[in-house]
Amino acid sequence: MTILVTGAGGQVGCELVRRAGPLPVVGLSRAALDISDAVAVSAALALHAPRLVINAAAYTRVDQAEREPDAAFLANRDGPAILAWACAAAGIPLFHLSTEHVFVGQGGLPWREDAPVSPVGVYGHSKAAGEAMIRTQLSAHLILRVSWVFGLHGRNFVRSLLALACEKHTIPVVGDQFGGPTPAADLAGALLALAARHLAGEPLPWGTYHYCGQPFLSRSAFAEAVFESACARGMLLQRPQVRVIATADWPGAELRPANARLDCRAAQQALRLALPSWHDALGDMLDEIKAHGARAG
Ligand SMILES: NC(=O)c1ccc[n+]([C@@H]2O[C@H](COP(=O)([O-])OP(=O)(O)OC[C@H]3O[C@@H](n4cnc5c(N)ncnc54)[C@H](OP(=O)(O)O)[C@@H]3O)[C@@H](O)[C@H]2O)c1
């Protein structure tokens, strides 16, 4: 009955393990299982005999990917291809995470799942290639495209802002990129709920879906919300000023879609997923940091 989680050391992977509750989750970090190693993946599936694999492993360094395309494609295209092949051989489904970076990011309307992919950078190209590999090899898949993931663990926008707030009075943040910040905790909860329904025998409508936090806002407005919430909890001695800049003014910002809004109606209707409030999740995250301190890594 095991659910195998790959990439268990990442920000979403950590939450999947942490929130598993009574579900029989086995989390394997990169050190325990490299998803681009076909022999190791086959051995892990033989050892744990899972009923389902959730892939939270990925190469997520958007800027660095431009200089390391081979590493990005190895983790984001070849790894998912190997997992899909192994899941097909074992007759089990694969849940996989993808990103708003598969879209070029123009316009103002939320992206639907059937919009043509048009990535800008290496990271987006490698993630789009991974999605395609899964679709061709395994019909029993759920691909959730998510955006702007934040949480207690790992590298993310909120943790970076909190660290910067201790050093700087003024922080430049891009104001012309819009999206829905997705709490890693809620994302993990949604994946685990779907996994539980699969284990209980419910047929899931396989395919590609969008899932992200609500409501949409600009990156700079999100930064303001982070500082406001942190100040309200007495976590910052002084509230930094957000200096709103344009994508063109920040090297590397052009690799991120200006329009990262995802249309999540299909996930709400077909998968019966409730969309998280990023504001509530941000508050919970800050409360936890205040109570226990920030996690390393
Ligand atoms: N973070 C975001 O804002 C965001 C936005 C949209 C979509 N997503 C997607 O959401 C998913 C989870 O992202 P995340 O934020 O949790 O990323 P993360 O914190 O970077 O975690 C990814 C984990 O995968 C591991 N990994 C890398 N290559 C691997 C390999 N070949 N085999 C096994 N593990 C490997 C990484 O280990 P190392 O650290 O040692 O490399 C890391 O622990 C990814 O599919 C990502 O593309 C993320």
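Here, the structure is the one placed above.
Now for a description of the structure that goes with this document.

About the criteria used
Just so you know, the residues in each chain are numbered from 1, in the order the chain's sequence is written. Reporting of local features is limited, given that this is a predicted model, to residues whose pLDDT is at least 70; pairs of side-chain atoms are given and counted only at 80 or more, and all residues count toward the totals for whole chains, interfaces and linings. Hydrogens and waters are ignored; side-chain quantities use all the structure's heavy atoms. Two rings from Phe, Tyr or Trp (for Trp, the six-membered ring) form a pair when their centres sit within 6.5 Å of each other. Planes less than 30 degrees apart are called stacked, planes more than 60 degrees apart edge-to-face, and all others tilted. Working definition: helices are DSSP H or I runs of at least four residues, strands are E runs of at least two. Numbering for both runs from the N terminus. Using a 1.4 Å probe on the protein chains alone, a residue whose accessible area is under 20% of its type maximum counts as buried, one over 50% counts as exposed, and one in between counts as partly exposed. Proximity is defined per residue: any heavy atom of the residue falling within 4 Å of a molecule or strand makes that residue near it. For the purposes of these results, a polar contact is taken to be a pair of N or O atoms within 3.5 Å, where, inside protein, one atom must be able to donate a hydrogen and its partner to accept one; residues adjacent in sequence count only when each atom of the pair is a side-chain atom. Only Asp, Glu, Lys and Arg are considered charged in this grouping, and only Ala, Val, Leu, Ile, Met, Phe, Trp, Tyr, Cys and Pro are considered nonpolar; every other residue, Gly among them, is considered polar. Here a strand pair is declared whenever DSSP counts at least two bridges between the two strands. Between the N-to-C directions of two axes lies an angle of 0 to 180 degrees, each axis being a line fitted to C-alpha atoms and, for a helix, fitted only over the stretch in contact. Contact definition: two residues touch when any of their heavy atoms are within 4.5 Å. When a carboxyl oxygen of Asp or Glu lies within 4 Å of a side-chain nitrogen of Lys or Arg, that pair is called a salt bridge.

Looking now at the packing of aromatic side chains. For the structure on display, the rule yields 4 aromatic pairs. Measuring from ring centre to ring centre gives 5.8 Å for phenylalanine 157 and phenylalanine 222, while their planes differ by 20°; the resulting arrangement is stacked. Of this pair, phenylalanine 157 sits in helix 6 (residues 157-165) while phenylalanine 222 sits in helix 8 (residues 219-232); the two residues are 65 residues apart in sequence, bridging distant segments of the chain. Assessed through its relative accessible area of 1%, phenylalanine 222 is described here as buried. Residues phenylalanine 222 and tryptophan 278 carry aromatic rings whose centres are separated by 5.3 Å and whose planes lie at 80° to one another, so their mutual orientation is edge-to-face. Separated by 56 residues along the polypeptide, phenylalanine 222 in helix 8 and tryptophan 278 in helix 10 (residues 278-292) bring together distant segments of the chain.

So, on to the site of the ligand. Near the ligand lie 24 residues; those nearest to it are Arg30, Asp34, Thr60, Tyr123 and Lys127. In this structure, an oxygen atom belonging to the ligand sits 2.9 Å away from a main-chain N or O atom of valine 12. The separation between an oxygen atom of the ligand and a polar side-chain atom of threonine 60 is 2.6 Å. When residues of the shell around the ligand are traced back to their parent elements, those giving at least two are helix 1 (11-18), strand 4 (94-99) and helix 5 (122-137). For the shell around the ligand, the element with the highest residue contribution is strand 4, accounting for 3 residues. Looking at the shell around the ligand, its residues break down into 12 nonpolar, 6 polar and 6 charged.

Here the focus is the sheet that holds strand 11 (residues 217-218). As summarised here, the arrangement of the 3 strands in space is 11-8-13, forming an open sheet in which the pairing is mixed. Only two strands of the sheet have a single partner each, and these edge strands are strand 11 and strand 13 (259-260). As judged from the 2 bridges shared by strand 8 (residues 178-179) and strand 13, these two strands associate in the parallel manner. Each residue of the ladder has a partner; that of phenylalanine 178, found in strand 13, is asparagine 259.

A sheet is described by the order of its strands in space; here 6 strands give the open sequence 2-1-3-4-5-10, paired in parallel fashion. Two strands in the sheet have a free side with no partner beyond their single neighbour: strand 2 (25-28) and strand 10 (207-210). On average, each strand axis in the sheet is inclined to that of its neighbour by 20°, with strand direction left out of account. Both strand 3 (residues 52-55) and strand 4 contribute to a ladder of 3 bridges, which runs parallel. Looking at the pairing, asparagine 55 lines up with histidine 96 of strand 4. Running at roughly 150° to strand 2, helix 1 makes contact with strand 1 (3-6), strand 2, strand 3 and strand 4 of the sheet. Packed onto the sheet, helix 2 (residues 38-48) meets strand 1, strand 2 and strand 3 and runs at close to 155° relative to strand 2.

To continue, consider the pattern of salt bridges. Tallying each qualifying case throughout the model produces 13 salt bridges. Between glutamate 288 and arginine 18 there is a salt bridge; the shortest N-O distance is 2.9 Å. Here the residue glutamate 288 occupies a position in helix 10, and arginine 18 occupies one in helix 1, the gap between them amounting to 270 residues. In this structure glutamate 288 comes out as partly exposed when scored by relative accessible area, which is 22%. The partner of arginine 239 in a salt bridge is glutamate 224, and the shortest N-O contact between them spans 2.9 Å. Highlighted residues: arginine 239 in the loop between helix 8 and strand 12 (241-245) and glutamate 224 in helix 8, separated in sequence by 15 residues. With a relative accessible area of 29%, glutamate 224 lands in the partly exposed category. Salt bridges linked by common partners bring Glu15, Arg18, Arg19 and Glu288 together as one network.

For the bond from glutamine 214 to proline 215, the omega torsion is -5°, close enough to zero to count as cis. In this fold, proline 215 is placed in the loop between strand 10 and strand 11. Of note in the backbone geometry, alanine 49 takes a positive phi value of approximately 40° without being a glycine. Within the fold, alanine 49 resides in the loop between helix 2 and strand 3.

Moving on, we get to the environment of leucine 138. Summarising the element assignment, leucine 138 is placed in the loop between helix 5 and strand 5 (141-146). The exposure class assigned to leucine 138 is buried, which follows from its relative accessible area of 7%. Sequence spacing of leucine 138 and alanine 84 is 54 residues, and the spatial spacing of their C-alpha atoms is 5.8 Å. If sequence neighbours within four positions are ignored, leucine 138 has contacts with Ala84, Cys87, Ala88, Ile92, Pro93 and Leu94.

Any link to function would need more than the numbers given here.
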